[in-house]
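# Residue-level structure breakdown
Chain residues, written in single-letter form:
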Amino acid sequence: MKTSVNLAGVELKNPVMTASGTFGSGAEYSEFVDLKELGAVVTKGVANVPWPGNPTPRIAEVYGGMLNAIGLQNPGIDVFCERDIPFLKQFDTKIVVNVCGRTTEDYCEVVERLTSEPVDLLEINISCPNVKEGGIAFGQDPKAVEAITREVKKYAKQPIIMKLSPNVTDITEMARAAEAGGADVLSLINTLTGMKIDIERQKFAIANKTGGMSGPAVKPIAVRMVYQVAQAVKVPIIGMGGIASAEDALEFILAGATAVSIGTANFFNPYATVETVRGIEEYMRRHKVDDINSLIGAVR
Amino acid sequence: MKTSVNLAGVELKNPVMTASGTFGSGAEYSEFVDLKELGAVVTKGVANVPWPGNPTPRIAEVYGGMLNAIGLQNPGIDVFCERDIPFLKQFDTKIVVNVCGRTTEDYCEVVERLTSEPVDLLEINISCPNVKEGGIAFGQDPKAVEAITREVKKYAKQPIIMKLSPNVTDITEMARAAEAGGADVLSLINTLTGMKIDIERQKFAIANKTGGMSGPAVKPIAVRMVYQVAQAVKVPIIGMGGIASAEDALEFILAGATAVSIGTANFFNPYATVETVRGIEEYMRRHKVDDINSLIGAVR
Amino acid sequence: MKIKECCTVESQECIAKGIYSMWISTKVIAKEAKAGQFISLFSKDGSRLLPRPISLCEIDREGGRLRIVYRVAGAGTEEFSHLKAGDEVDILGPLGNGFPIEEGKGKRVMLMGGGIGVPPMLQTAKDLGTDTIICCGYRDELFLNEEFAAAGDLHIATEDGSAGVKGNVMDAVREDHLEADVIFACGPAPMLRAIKAYGLEKGIPCWISMEEKMACGVGACLACVCQSTEVDGHSHVHNKRICKDGPVFLSTEIEL
Amino acid sequence: MKIKECCTVESQECIAKGIYSMWISTKVIAKEAKAGQFISLFSKDGSRLLPRPISLCEIDREGGRLRIVYRVAGAGTEEFSHLKAGDEVDILGPLGNGFPIEEGKGKRVMLMGGGIGVPPMLQTAKDLGTDTIICCGYRDELFLNEEFAAAGDLHIATEDGSAGVKGNVMDAVREDHLEADVIFACGPAPMLRAIKAYGLEKGIPCWISMEEKMACGVGACLACVCQSTEVDGHSHVHNKRICKDGPVFLSTEIEL
Ligand SMILES: Cc1cc2nc3c(=O)[nH]c(=O)nc-3n(C[C@H](O)[C@H](O)[C@H](O)COP(=O)(O)OP(=O)(O)OC[C@H]3O[C@@H](n4cnc5c(N)ncnc54)[C@H](O)[C@@H]3O)c2cc1C
Ligand SMILES: Cc1cc2nc3c(=O)[nH]c(=O)nc-3n(C[C@H](O)[C@H](O)[C@H](O)COP(=O)(O)OP(=O)(O)OC[C@H]3O[C@@H](n4cnc5c(N)ncnc54)[C@H](O)[C@@H]3O)c2cc1C
Ligand SMILES: Cc1cc2nc3c(=O)[nH]c(=O)nc-3n(C[C@H](O)[C@H](O)[C@H](O)COP(=O)(O)O)c2cc1C
Ligand SMILES: Cc1cc2nc3c(=O)[nH]c(=O)nc-3n(C[C@H](O)[C@H](O)[C@H](O)COP(=O)(O)O)c2cc1C
Ligand code: FES
Ligand code: FES
């Protein structure tokens, strides 16, 4: 039974990855799961310099999910390279570094700095709805998507994953723009911009007013977008948004995702990633699937 | 205690309305609730001629909500005027007719036909994601939104509510376009395009492949959009998307909605509308609010 | 009158592999219910909001009790299968039109149930009286068969041939030479299709109970339509609402 | 070692208006837990996915049991308040660092709890021994006060003056002339702020337990930060994670 998948030449032992920002750099959840069982670990977004993030409260629970406006708090690329990459190198899993920035130059600086590091893929976050500069601003205009992809590619040694925002009219337009700019892989979806109001205190539930929505509640939107993008581009897709089980993951794979990321589910089930790996194998046995690649995009 | 609100000159005894397509023309739910307790009844979309709608399965349950692709099945304006308007006239509540069409002419024909009918407001659905022609095609481009609004206004006697789609990059752009075209009121959100795949049968869960997502799961996105639109336009807003209780309704009102519509919640609680009316009154008493209008947009 | 009622589970037992029988005590619904109608049960988990339609298997109108027999098909029915005597369950009902018992009076009626379409025929048999032919089709394990044997002239078909005729209900009809003036049936679409064809061939009216995904259950949302041969009364197209205009239709009314 | 465990409720009682005390039987967590740490409880309703952090009130390490005392604040804690002996509940723990008991050994320790910050001081008192001053502040109704009276030298403040000193814990400290070498405290932010100021004024170290909305509870998501005076070890900014670096901090580490 073959469970390995290929993302732009990088072979993952299975299609299950973590979603950036929900798994730190793996240290915290390594108390719960053996990281070598995962296809890849995707790290929290890292910038050229440390970012303090947003004021608290940074999160709020919503029906079937949550809002977050962490604001990309991160220690900057230097500490990251010194501490987090060596930690992850201990495990037999692929390392995907999620990159954020305020300007194109910020992104490129991080990407260039990573050329000499033992990381497998870079995920460029142009879709964070929780920061004023950078993030989503790059991800809602096809011209900007194409331009930043092209620029980042100039500096990158590793294959580039462009992470798309669902807060757009037509996700296929952004996907095609990223592909035109040279993206090797696409990942989607980042969070949907949402808001919660505390009616008793008559205040916004999170300090940033809006936050990014994630969790099981967003899954149908994510599956739809993965399906649409799979019909529109040739590059492989990493699907995410509400995945909490093998059943959820398989929905994305059947819709056209080559790999999947598990995010918010880690918070309510720290074993969600490995349980998904095992559940996919169980499904393959039950449905007599020899190669997981035959499931990718099988529902059309 | 004043609970009445004003929508373009139409005084609703309270801000609680039904969401189009979830309440028929009131007959079915009048077995559960007294329609005169509602601010208004909004009817299922009606076109110039009968529409058969989409093949089944037309709906699927999703986490915290549902997908639907009914496809605007309706008996056409003639039967509607003959049967549904007289039925609703029996009750002391406002009548809002939701209008759909394939072309601008279709919409205008219905709107014109209604000039002589005792209906209070017209809601123009330019945001249905489940039909190939008409619907959302009009609602994702600001120029098209403005043009159809302007055209419909030419024929309308009653004030016009333009119903906006959440499947857009910037909802405020659509809101401003509708306002510029002469919309008297805006309503949002219609459903979010979603997809569900049955992994056991390896088939789409609904025949139409995609469906419109509604229910509690979409509420944070809807509240965010209502808030954004309230900052962007002057016309009153009808908020909807996942409202199932007075608490939910108050979130929309505090975010800037003058009235609210209850949709999917009717399916899991046929008393949801009247319970919301009572819950809002209870909240006003507890928070010593004399006039509900003082809550509209109170959180900024 | 339809109502959403918070009811109490009176008893529950597993009567075959994955098949449960539950008696529910109601204040209103049982009093008003008819054979062939259904109720919708609500999950207690907020992630599963739509009610699950389940047919009435028995109605104790005086005692205010309802019996449902259902198969665990997914998470909702799985949840219901864990309910114990004394637990509460929200139900909406009674829904739909039910079987037209009056159409059977004084005639030779055949009741046909296939798979999880078997249960609703029990109350139907009781309401018709004991003069009926009952034909139940199962995959393998039987359930409710003893109760049906007591309610009429029971014929059984099993797909694996472990009991009765090997095959489906139509095989039983042929092998056992069953004849009737009118048929009431509930079961999977292929079975209903075969019954419709048989009814046309023999010139006998068949009342069949249909199934479709539902949201409102009361006729408001237009989710649960089936194609009708004539223009329907509601939307004036060719779509009848199973929850409201059905679930029981004359087979010739419906495209199958 | 942190673990998500399916545990059994051993007992639950309402000990004051809206305040519940629950003993939970665990296989792993109780064995490893320390005073001042917390656990996160999961709802059974799929609409409420995030775990609810609740401090440990008592730890029976040998018996493998944990006690939590909590206030019904919303839908999650409301759900927990209906759990009965024998029911299952999923918990994640033990989480956070706990109070530094060693910092209190051989010193005059004052334990201060305000409102729903009172419970975690009980295990802390027990672990420190009986030589402690305990100062508990309530709005009106007392709870756990008898158990605290048995665990140390108890002083009480109530906002409505119905018991002890009228006012808050700082009023009790002043009126009762309480003195200590080190303070361990848990309670609302204004109380912690006052304690921090008092500690600075008197030159005594104050260990305070902080609160913030949490998602992961294990330090991965960066939801629950508080501003720290020094650059933090994780992100090298000025944000410490309450769930992982805390919830107990030296008051001077934190901007309050
Ligand atoms: C009028 C009517 C009467 C029925 N009577 C019975 C009965 O007496 N006994 C019995 O075992 N089953 C009956 N069914 C089928 C029963 O409704 C489904 O098995 C049940 O809804 C499955 O719910 P679930 O959560 O376990 O499955 P899931 O597959 O998890 O359900 C997901 C969603 O799909 C819907 N759904 C799934 N299967 C069906 C289906 N076959 N028909 C309609 N909706 C479905 C569910 O209601 C829910 O909204 C009846 C269906 C209808 C329409
Ligand atoms: C480290 C720590 C220890 C705690 N110890 C206790 C304790 O011993 N006893 C006790 O009664 N309470 C304690 N709390 C507060 C408790 O976590 C909240 O009262 C509880 O989460 C409310 O959940 P709910 O579903 O009832 O309320 P809701 O308001 O419906 O909860 C909605 C969301 O907000 C979160 N939330 C709400 N209030 C708080 C809060 N004050 N702190 C953190 N998250 C919150 C919930 O966890 C949930 O994610 C503690 C909080 C923290 C951070
Ligand atoms: C707390 C939190 C922090 C996140 N931080 C990042 C981030 O730093 N970079 C990024 O690209 N996405 C970030 N995301 C988005 C997730 O990677 C993922 O795209 C999204 O949450 C949807 O998946 P889920 O529903 O499985 O969580 C974050 C999400 C959450 C909930
Ligand atoms: C079954 C169904 C049918 C609908 N039909 C219509 C319609 O005919 N016209 C329309 O403008 N919106 C229609 N809608 C959208 C709702 O009016 C509403 O905008 C949406 O469902 C969000 O609200 P809710 O989450 O409260 O359901 C429909 C929604 C559902 C669930
Ligand atoms: S389920 Fe809504 S019309 Fe039948
Ligand atoms: S709750 Fe995630 S870091 Fe503290």
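Rules of the game
Residues numbered from 1 in each chain as written. Chains lettered and ligands numbered in written order. Predicted model: local features only at pLDDT ≥ 70, side-chain atom pairs only at ≥ 80, totals over all residues. Heavy atoms only, no water. UniProt positions renumbered as here; feature names shortened; annotations may be inferred. Pairing = 2+ DSSP bridges. Helix = DSSP H or I, 4+ residues; strand = E, 2+ residues; numbered from the N terminus. Axes fitted to C-alpha atoms, helices over the stretch in contact; angles between N-to-C directions. Contact = heavy atoms within 4.5 Å. Patch = residues over 30% accessible without salt bridge, like charges linked within 9 Å, V, L, I, M, F, W, Y side chains within 5 Å. Areas by Shrake-Rupley, 256 points an atom, 1.4 Å probe, with all protein chains shown as cover. Salt bridge = Lys/Arg side-chain N within 4 Å of Asp/Glu carboxyl O. Lys, Arg positive; Asp, Glu negative; His and termini not counted. Charge placed at Lys NZ, Arg CZ, Asp CG, Glu CD. Near = heavy atom within 4 Å. Polar contact = N/O pair within 3.5 Å; in protein donor to acceptor, adjacent residues only side chain to side chain. Nonpolar A, V, L, I, M, F, W, Y, C, P; charged D, E, K, R; others polar. Core = buried A, V, L, I, M, F, W, Y, C linked by side-chain atoms within 4.5 Å. Buried < 20%, exposed > 50% of the residue type's maximum accessible area, 1.4 Å probe, protein only. Phe/Tyr/Trp six-rings, centres within 6.5 Å; stacked < 30°, edge-to-face > 60°. Lys NZ or Arg CZ within 6 Å of the ring centre and 35° of its normal. Buried area = accessible area lost by both parts, 1.4 Å probe. Least-squares fit on C-alpha atoms with pLDDT ≥ 70 in both. pLDDT = per-residue confidence, 0-100. Domains from an automatic or database assignment.

The name given to chain C in an unreviewed UniProt entry is Dihydroorotate dehydrogenase B (NAD(+)), electron transfer subunit, with Fusicatenibacter saccharivorans as the source organism. What the UniProt record of chain C gives under Sequence similarities (unreviewed entry) is the line "Belongs to the PyrK family." Listed under Subunit (unreviewed entry) in UniProt, the entry text for chain C is "Heterotetramer of 2 PyrK and 2 PyrD type B subunits."

As named in an unreviewed UniProt entry, chain A is Dihydroorotate dehydrogenase, taken from Fusicatenibacter saccharivorans. Comment text from UniProt for chain A, heading Sequence similarities (unreviewed entry), reads "Belongs to the dihydroorotate dehydrogenase family. Type 1 subfamily." The record in UniProt for chain A states the following under Pathway (unreviewed entry): "Pyrimidine metabolism; UMP biosynthesis via de novo pathway; orotate from (S)-dihydroorotate (NAD(+) route): step 1/1."

### Topic: the sheet that holds strand β2 (residues 19–25) of chain D
All names here are of chain D. The strand order across the open sheet built from 7 strands is β4-β3-β7-β1-β2-β6-β5, with neighbouring strands paired in antiparallel fashion. With one partner strand each, in any of the chains shown, β4 (52–55) and β5 (58–60) form the two edges of the open sheet. Put simply, the sheet's adjacent strands are angled 35 degrees from each other on average, direction ignored. Pairing analysis gives 3 bridges linking β5 to strand β6 (residues 65–71), with the strands arranged antiparallel. Bridge pairing in β6 places aspartate 60 opposite arginine 65. Each of β4, β5 and β6 touches helix α3 (residues 120–128); the most contacted strand, β5, lies at about 55 degrees to it.

### Brief notes about a negative patch on the surface
A contiguous patch of negative charge, built from C:Asp140, C:Glu141, C:Glu159 and C:Asp160, is present on the exposed surface. Along the polypeptide, C:Glu141 turns up in the loop between β9 (133–138) and α4 (145–151).

### Remarks on the site of ligand 3
Residues and elements named next belong to chain A. Near ligand 3 you find 22 residues, and of these Ser20, Lys163, Gly215, Gly242 and Thr264 are the closest. Between an oxygen atom of ligand 3 and a side-chain N or O atom of asparagine 98, the distance comes to 2.9 Å. For ligand 3, an oxygen atom lies 2.7 Å from a polar atom in the side chain of lysine 163. Against a free-state accessible area of 610 Å², the protein chains account for coverage of 98% of ligand 3. Partitioning the shell around ligand 3 into residue classes produces 5 nonpolar, 15 polar and 2 charged.

### Some remarks on the nonpolar core
A:Leu186, B:Leu186, C:Met112 and D:Met112 are the most contacted members of the largest nonpolar core, which has 303 residues in total. Those residues within four positions of C:Met112 in sequence are excluded, and the remaining contacts are C:Met121, C:Cys135, C:Val169, C:Met170, C:Val173, C:Ile183, C:Phe184, C:Ala185, C:Cys186, C:Met191 and C:Ile195.

### Re the packing of aromatic side chains
All told, the structure shown has 18 aromatic pairs over all chains when counted by the stated rule. Measuring from centroid to centroid gives 5.5 Å for A:Tyr107 and A:Phe138, while their planes differ by 85 degrees, and the two rings are edge-to-face. You can see A:Tyr107 sitting in helix α2 (residues 104–113) and its partner A:Phe138 sitting in helix α3 (residues 136–139), a full 31 residues away along the chain. Assigned by exposure class, A:Tyr107 and A:Phe138 land together as buried. Judged by centre distance (5.0 Å) and plane angle (15 degrees), the ring pair of B:Phe23 and B:Tyr29 falls under stacked. Relative accessible area serves as the criterion here: at 0%, B:Phe23 is assigned to the buried category. An aromatic cluster of at least three residues, connected via ring pairs, comprises A:Phe23, A:Tyr29, A:Phe32 and A:Tyr271. The residue whose ring lies beneath A:Arg102 is A:Trp51, and the NZ or CZ to ring-centre distance is 4.2 Å.

### Section: the interface of chain B and chain A
Facing 40 residues of chain B, the contacting portion of chain A comprises 40 residues. Both faces considered, chain B and chain A share a buried interface measuring about 3600 Å² in area, 67% of it formed by carbon and sulfur atoms. It is B:Thr169, B:Met195 and B:Ile199 that lose the most area in chain B upon contact with chain A, and together they represent 17% of the buried surface on that side. On inspection of chain B and its partner chain A, the count reaches 2 salt bridges. Here B:Glu200 ties to A:Arg286 by a salt bridge, and the two come within 2.9 Å at their closest N and O atoms. Viewed at the interface, chain A and chain B are joined by 17 residue pairs in polar contact (both at pLDDT 80 or more). For the side of chain B that touches chain A, the secondary-structure elements that each account for two or more residues are β11 (192–195), β13 (203–204), β14 (210–214), α6 (219–232), α7 (246–255) and α9 (272–286) of chain B. Its residues assigned to classes, the side of chain B that touches chain A comprises 22 nonpolar, 9 polar and 9 charged.

### Looking at the relation of the copies chain B and chain A
Least-squares fitting of chain B to chain A yields an RMSD of 0.0 Å, with the transformation described by 0.0 Å of translation along the axis and a rotation of 180 degrees. Between the two chains, the operation in question is that of a two-fold axis. A share of 100% of interface residues in chain B that are also interface residues in chain A marks the association as one of identical surfaces.

### Describing the UniProt feature "binding site: FAD" (unreviewed entry) in chain C
All names here are of chain C. The UniProt entry lists Arg52, Pro53, Ile54, Ser55, Val69, Tyr70, Arg71, Gly76 and Thr77 under the feature "binding site: FAD" (unreviewed entry), expressed in the numbering used here. Along the chain, arginine 71 falls in strand β6 (residues 65–71). A relative accessible area of 45% places arginine 71 in the partly exposed class. With respect to the secondary-structure elements, glycine 76 resides in helix α2 (residues 75–81). Beyond its immediate chain neighbours, meaning those up to four positions away, glycine 76 contacts Arg48 and Arg52.

### Thoughts on the pattern of salt bridges
A side chain with one charge may pair with a side chain of the opposite charge, provided their charged atoms come close. All told, the structure shown has 56 salt bridges over all chains when counted by the stated rule. B:Asp84 is paired through a salt bridge with B:Arg83; the nearest N and O atoms lie 2.7 Å apart. Overall, B:Arg83 belongs to the partly exposed group, its relative accessible area being 29%. Across the pair B:Glu251 and B:Lys219 runs a salt bridge whose closest N-O atoms are separated by 2.8 Å. One end of the pair, B:Glu251, is in helix α7; the other, B:Lys219, is in helix α6, and 32 residues separate them in sequence. For the pair shown, B:Glu251 and B:Lys219 are each scored as buried. Several salt bridges share partner residues, and in doing so they unite C:Glu58, C:Arg67, C:Lys126 and C:Glu147 into one network.

### What to know about the confidence of the model for chain C
Residue-level pLDDT values for chain C average 96, and 100% of them are 70 or greater. Scored as a complex, the prediction yields pTM 0.97 and ipTM 0.97.

### Description of the domain arrangement of chain C
All names here are of chain C. Each assigned domain of chain C is listed with its residue range as follows: domain 1 (3–95) and domain 2 (101–211). Taking only C-alpha atoms, the centre of domain 1 and the centre of domain 2 are 23 Å apart. Contact with domain 1, which involves 16 residues of that partner, is made by 13 residues of domain 2. Buried area between domain 1 and domain 2, both sides added, is near 1200 Å², and the carbon and sulfur share of it is 58%. Considering only the surface of domain 1 that becomes buried against domain 2, Ala35, Cys57 and Glu58 emerge as the three largest contributors, covering 33% of it. If you look at where domain 1 meets domain 2, you find 3 salt bridges. Close ionic contact of lysine 126 with glutamate 58 constitutes a salt bridge, the shortest N to O distance being 2.7 Å. Contributions of two or more residues to the side of domain 1 that touches domain 2 are made by β1 (3–16), β5 (58–60) and β6. Broken down by element, the side of domain 1 that touches domain 2 gets its largest block of residues, 4 residues, from β6.

### What about the UniProt feature "binding site: substrate" (unreviewed entry) in chain A?
Residues and elements named next belong to chain A. Under the UniProt annotation, the feature "binding site: substrate" (unreviewed entry) is placed at Lys44, Asn68, Ala69, Ile70, Gly71, Leu72, Asn125, Asn190 and Thr191. For threonine 191, a relative accessible area of 9% corresponds to the buried category. Aside from chain neighbours lying at most four places away, what touches threonine 191 is Asn68, Pro129, Pro166, Asn167, Gly212, Met213 and Ser214.

### Re the side chain of A:Lys219
Overall, A:Lys219 belongs to the buried group, its relative accessible area being 15%. Setting aside residues up to four positions removed in sequence, A:Lys219 forms contacts with A:Gly241, A:Gly242, A:Asp248, A:Glu251 and A:Phe252.

### Re the side chain of B:Thr22
Secondary-structure assignment places B:Thr22 in the loop between β3 (16–18) and β4 (40–42). Of the polar contacts made by the side chain of B:Thr22, one reaches the backbone oxygen of B:Ala19; its length is 2.6 Å. In this view, B:Thr22 contacts B:Tyr29, B:Ile262, B:Gly263, B:Thr264, B:Asn266, B:Phe267 and C:Ala220; residues no more than four positions away in its chain are not counted.

### Some details on the sheet that holds strand β4 (residues 52–55) of chain C
All names here are of chain C. What the 7 strands build is an open sheet, ordered β4-β3-β7-β1-β2-β6-β5; its pairing is antiparallel. If you trace the sheet from one side to the other, it starts and ends with β4 and β5, each paired once. Ignoring strand direction, the axes of neighbouring strands in this sheet form an average angle of 35 degrees. Against the sheet, helix α3 (residues 120–128) touches β4, β5 and β6, its axis set at about 55 degrees to β5.

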